[in-house]
Amino acid sequence: RDPTDPSSLVVIDFGLVRQSTDAEERAVDLYVLERAIGSTHPLVQHPMEAVWEGYSRSSLPSGKIAQTLQRLEQVRARGRKRSMIG
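For every chain, the first residue of the written sequence is number 1, and numbering continues from 1 onward in sequence order. In view of the model being predicted, local features appear only for residues whose pLDDT reaches at least 70, and side-chain atom pairs are presented and counted only at 80 or more, with totals across whole chains, interfaces and linings using the full set of residues. In computing side-chain values, all of the structure's heavy atoms are included and hydrogens and water are not.

### Topic: the packing of helix α1 (residues 23-40) against helix α2 (residues 49-56)
So, step 1. Angular values range over 0 to 180 degrees, each being the angle between N-to-C directions of two axes fitted as lines to C-alpha atoms, with helices fitted over their stretch in contact. Strands here mean DSSP runs of E at least two residues long; helices mean DSSP runs of H or I at least four residues long; both are numbered from the N terminus. One way to put it is that α1 packs onto α2 with a least axis distance of 11 Å and a crossing angle of 155°. The angle between α1 and α2 places the two elements in the roughly antiparallel class. Handedness of the crossing formed by α1 with α2: right-handed. Contact with α1, carried on its side by Arg 26, Leu 30, Leu 33, Glu 34 and Ile 37, involves Val 51, Trp 52 and Tyr 55 of α2 and no other residues of that element. Each angle is binned into one of four classes, with values under 35 degrees roughly parallel, values over 145 roughly antiparallel, values of 65 to 115 roughly perpendicular, and all other values oblique. With the far helix as reference, a near helix turned anticlockwise by less than a right angle produces a left-handed crossing, and one turned clockwise produces a right-handed crossing. We call two residues in contact when some of their heavy atoms are within 4.5 Å.

### What to know about the environment of Val 28
So, step 1. Examined against the element boundaries, Val 28 turns out to sit in helix α1.
So, step 2. Note on classification: 1.4 Å probe, protein chains only; a residue is buried when its accessible area is under 20% of the maximum for its type, exposed when over 50%, partly exposed between these limits. Here Val 28 falls in the partly exposed class, since its relative accessible area comes to 30%.
So, step 3. Val 28 sits 40 residues away from Thr 68 along the chain, and the two C-alpha atoms are 9.1 Å apart.
So, step 4. The contacts of Val 28, once residues within four sequence positions are left out, are Val 75 and Arg 78.

Set out below in structure tokens:
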């Protein structure tokens, strides 16, 4: 991908708090990012595909990536339940 292409997505994680080894914390971060991108770019179809692709190639061991993505499903379910209840 060409980072100068205006349709290219570039995400910078400054890691200002800390690097977490906890799947729950990483999953919550991804959920917040997913919600933020979805709410700020509602007309873009599948905006998270590039994020998932990049995340799967991150420096985390593959087992931790799988744990985080599994936990993300649980975080999403909690988020949906919360939005239904109010």
